[in-house]
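Here's the letter readout for the chains.
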Amino acid sequence: MTELLRLKVDYRHLSEDGWTLGLTSFDETGVEVFGSEKEDMYLPDGNTILRIYAIGVPSMIMQAIGSVMTYCMNLILMGFSSTATAVFGVYYKLQSFFFMPVIGLNNGLVPILAYNFGAKNGKRVKDTFKLLLKVCLIYSIFIYALVMILPTMFAKIFSSDQELISFASNAIRIYCAT
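Notes on the structure in this doc start here. (Residues numbered from 1 in each chain as written. Predicted model: local features only at pLDDT ≥ 70, side-chain atom pairs only at ≥ 80, totals over all residues. Heavy atoms only, no water.)

### Quick word on the packing of aromatic side chains
Describing an aromatic ring pair means giving the distance of the ring centres and the angle of the ring planes. Per the stated rule, a full pass over the model turns up 5 aromatic pairs. Aromatic pair Tyr 91 and Tyr 175: ring centres 4.1 Å apart, planes at 25°, arrangement stacked. Here the residue Tyr 91 occupies a position in helix 2 (residues 82-118), and Tyr 175 occupies one in helix 5 (residues 162-177), the gap between them amounting to 84 residues. The interplanar angle of 90° and the centroid separation of 5.3 Å between the aromatic rings of Phe 98 and Phe 154 together place this pair among those described as edge-to-face. (Phe/Tyr/Trp six-rings, centres within 6.5 Å; stacked < 30°, edge-to-face > 60°. Helix = DSSP H or I, 4+ residues; strand = E, 2+ residues; numbered from the N terminus.)

### Side note on the pattern of salt bridges
Under the counting rule described, the total for this entry stands at 1 salt bridge. Ionic pairing is found between Asp 127 and Lys 123, a salt bridge with its closest N-O pair at 2.7 Å. Taken as a pair, Asp 127 and Lys 123 lie in helix 3 (residues 122-149) at a separation of 4 residues, close to a single helical turn. Note on Lys 123: relative accessible area 59%, which makes it exposed. (Salt bridge = Lys/Arg side-chain N within 4 Å of Asp/Glu carboxyl O. Buried < 20%, exposed > 50% of the residue type's maximum accessible area, 1.4 Å probe, protein only.)

Below, the structure is given as structure tokens:
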């Protein structure tokens, strides 16, 4: 019994592109990486690489846009005051925190929809999407009401400076309303 655990997943049989995933096995001598034998290795051609980038580049651009927007907004707000920049930071952190559950629900929805779409179960796809839409709408309305009613409470989480709290309370309401 030299091998205690052996795990190998070969996706060549699962995908049309022939991609493989090499995992490891643990034995008494250490770790062996699969895919090291020449016949097991797969080098993608240029077309496959282009298809991968065609899927990934829009995501990369979306991530970059958020960073560029925050940087530019901070440059603009620094022209007014450091408090204005801090208020934007408060708003941005709150927005990120409040939208995390919606993003998580969306990410959890994708495999469920994909599985049911692949199984040609259109009714379940529509029903699941409608349910997620309702849950996200109810959650968003609740958060909107909470932020509109208690903006000062949220601003106090980030600072004890009264000027920043006052400015942030008004700004959070304005941002939330738009």
